[in-house]
Amino acid sequence: MLIRVCMKKMILLAAIASITLASCVKNEMEVVDNDDQEITFQTVTGNTGRAAIIGSNYPVDASFGTWARYTSGDWNYGVLSQEYITNKKVTFQTPNWKVDGLIYYWPKNGKLSFFSYSPFEANGGMDYNDASGIIATNYTVLDAADEDFMIADVMKNQTGNVDTDEVLYDGVKTVFRHKLTKIGFSLKTDIESARATIVVKKVEIMGVNNKGTYVQKDDRWTLASPASIVDYTAYDNSTGITLTDSYQNTNGSEEKKDLMLLPQTKSQMGDDALIKISYTLTLKNDGSDVVENVVVTTKLNGTSFPDWSMNKHITYQITIGLDEVLWDPNVNDWDSESTPGITI
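Bear in mind that the values here come from a model prediction, so they are computed numbers and not experimental data.

Q: Mind showing me how you'd approach the packing of aromatic side chains here?
A: For any pair of aromatic rings, the description consists of the separation of the ring centres together with the inter-plane angle of the planes. Overall, the coordinates contain 23 aromatic pairs when judged by the stated rule. Ring centres of Tyr58 and Trp97 lie 5.4 Å apart, and the angle between their planes is 70°; this geometry places the pair in the edge-to-face category. Of this pair, Tyr58 sits in the loop between strand 4 (41-44) and strand 5 (64-71) while Trp97 sits in strand 7 (residues 96-99), placing them 39 residues apart in sequence. By the burial criterion, Tyr58 is buried, and Trp97 matches it. Geometrically, the ring pair formed by Phe305 and Tyr316 is edge-to-face, given 6.1 Å between the ring centres and 70° between the ring planes. With a gap of 11 residues between them, Phe305 in the loop between strand 23 (290-299) and strand 24 (312-321) and Tyr316 in strand 24 connect regions that are remote in the sequence. Cation over ring: Lys188 sits above Tyr247, and NZ or CZ is 4.7 Å from the ring centre.

As structure tokens, then:
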């Protein structure tokens, strides 16, 4: 796919990789039957609480929020339940995950259903009701775009902590799933380095939605109305990245520095949603080097580009090139001219 912008050449590919945090499959589970059993949690995901979680081990320095609802029979969406644990912070307290500062015990006859989100300090109004489960009202992706907002699978009708051999902890099985879209960039060039250099100084995402409401039952986002439109900076460095013929990530060696942004379709983005790249171009010639500051853009809602879906890691692979000077020679034909007849 070739995209020519500002008379420069930029090739952009979108590579999509799904991240699945349910990769730890639990084949054998055993409910621990102890007297006066305290409620604990087993967590699945991985890296830091306010940056991208990578892998499947939830980090011990993170924290998440949880509700537990009590019913005498089975709970499902729409079934009335009784308040039991209400939006409490859960932290790792060696050797278990427990509610911070309080102890809760399992009931002997009733059942508990659990609803959890991460991180506990999520940038939205977190609430619960029996009709919808967790609701994150007006969740906002801030300028840093570094919060990995996740919702755990609902654990319905539990009667005790679960013990498995495949997870480090005993407790309520708590499998988190990413609810944002992770965006990264990888850059290269196809020019002859002896004749020109390209140094990328800044990569931005312009004009995208940053606020919406998530409903657990529907597992979908509704964007704010009126729309809240903002810009994000994925890379900004005065030294820059000198492009070669191999892809280089704008996030360096730390994957967690990719942006975590609000899921939205291309139609919701509109024509003003752009990728914007600023770079310095140095051109060799027969005199002094020519140095230009160049800005190129391309629309995020292009036909071949993906929607921003939940739990997707999208890497935009961009090749920045130049148009070589070429010639189109031709010869202008002779002009015909006749003289008057000459007699010698």
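Q: It is not clear to me how the environment of Leu300 should be interpreted in this structure. Could you clarify?
A: Residue position: Leu300 is located in the loop between strand 23 and strand 24. Residue classification places Leu300 among the buried residues on the basis of a relative accessible area of 0%. As for Leu300 and Ile205, which are separated by 95 residues in sequence, their C-alpha atoms are 8.7 Å apart. Dropping the residues within four chain positions of it, Leu300 is found in contact with Ile205, Val208, Lys266, Met269, Ala273, Leu274, Ile275, Phe305, Trp308 and Tyr316.

Q: Sorry if this is basic, but what is going on with the environment of Thr94 here?
A: Within the secondary structure, Thr94 is located in the loop between strand 6 (82-93) and strand 7. Sequence-wise, Thr94 and Val60 are 34 residues apart; in three dimensions their C-alpha atoms are separated by 9.3 Å.

Q: Just checking my understanding: could you explain the sheet that holds strand 17 (residues 211-215) for this structure?
A: Pairing between the strands of a sheet comes from backbone hydrogen bonds, and it takes one of two forms, parallel or antiparallel. Strand order in the open sheet formed by four strands is 9-10-17-18, and the pairing between neighbours is antiparallel. The open sheet has two free edges, formed respectively by strand 9 (125-129) and strand 18 (220-223), since each of these has just one partner strand. For this sheet, the mean inter-axis angle between neighbouring strands, taken without regard to orientation, is 20°. The pairing of strand 10 (residues 133-140) with strand 17 spans four bridges and is antiparallel. From the neighbouring strand, Thr140 faces strand 17, where its bridge partner is Lys211.

Q: Whenever I open this one, unusual backbone geometry confuses me. Can you help?
A: Cis geometry marks the peptide bond from Thr94 to Pro95; its omega dihedral reads 10°. Structurally, Pro95 can be placed in the loop between strand 6 and strand 7. Cis geometry is found at the peptide bond from Ser225 to Pro226, where omega equals 0°. Inspection of the secondary structure assignment puts Pro226 in the loop between strand 18 and strand 19 (229-242). Positive phi, close to 50°, is recorded for Ala145, a residue that is not glycine. Here Ala145 is to be found in the loop between strand 10 and strand 11 (150-152). Phi is positive for Asn311, which is not a glycine, with a value near 65°.

Q: It is not clear to me how the pattern of salt bridges should be interpreted in this structure. Could you clarify?
A: It is possible for side chains bearing opposite charge to pair when their charged atoms get close. Across all of its chains, the model carries six salt bridges by this definition. One salt bridge connects Arg177 with Asp153, and the closest N-O pair in it is separated by 2.7 Å. With a gap of 24 residues between them, Arg177 in strand 14 (residues 172-178) and Asp153 in the loop between strand 11 and strand 12 (155-158) connect regions that are remote in the sequence. Among the residues examined, Arg177 registers a relative accessible area of 26% and is labelled partly exposed. Close ionic contact of Lys179 with Asp219 constitutes a salt bridge, the shortest N to O distance being 2.8 Å.

Q: How should the sheet that holds strand 22 (residues 274-283) be read in this particular structure?
A: In spatial order, the strands read 19-16-22-23; together these four strands make up an open sheet with antiparallel pairing. Bordering the open sheet on either side are strand 19 and strand 23, each of which pairs with just one other strand. Sheet twist, expressed as the average angle between the axes of neighbouring strands with direction ignored, equals 15°. Here 10 bridges tie strand 16 (residues 196-209) to strand 22, and the two strands are oriented antiparallel to one another. Residue pairing in the sheet places Thr197 in a bridge with Thr282 of strand 22.

Reading the values: rules and limits
Residues numbered from 1 in each chain as written. Predicted model: local features only at pLDDT ≥ 70, side-chain atom pairs only at ≥ 80, totals over all residues. Heavy atoms only, no water. Phe/Tyr/Trp six-rings, centres within 6.5 Å; stacked < 30°, edge-to-face > 60°. Helix = DSSP H or I, 4+ residues; strand = E, 2+ residues; numbered from the N terminus. Buried < 20%, exposed > 50% of the residue type's maximum accessible area, 1.4 Å probe, protein only. Lys NZ or Arg CZ within 6 Å of the ring centre and 35° of its normal. Contact = heavy atoms within 4.5 Å. Pairing = 2+ DSSP bridges. Axes fitted to C-alpha atoms, helices over the stretch in contact; angles between N-to-C directions. Salt bridge = Lys/Arg side-chain N within 4 Å of Asp/Glu carboxyl O.

On their own, these measurements won't tell you what the molecule is for.
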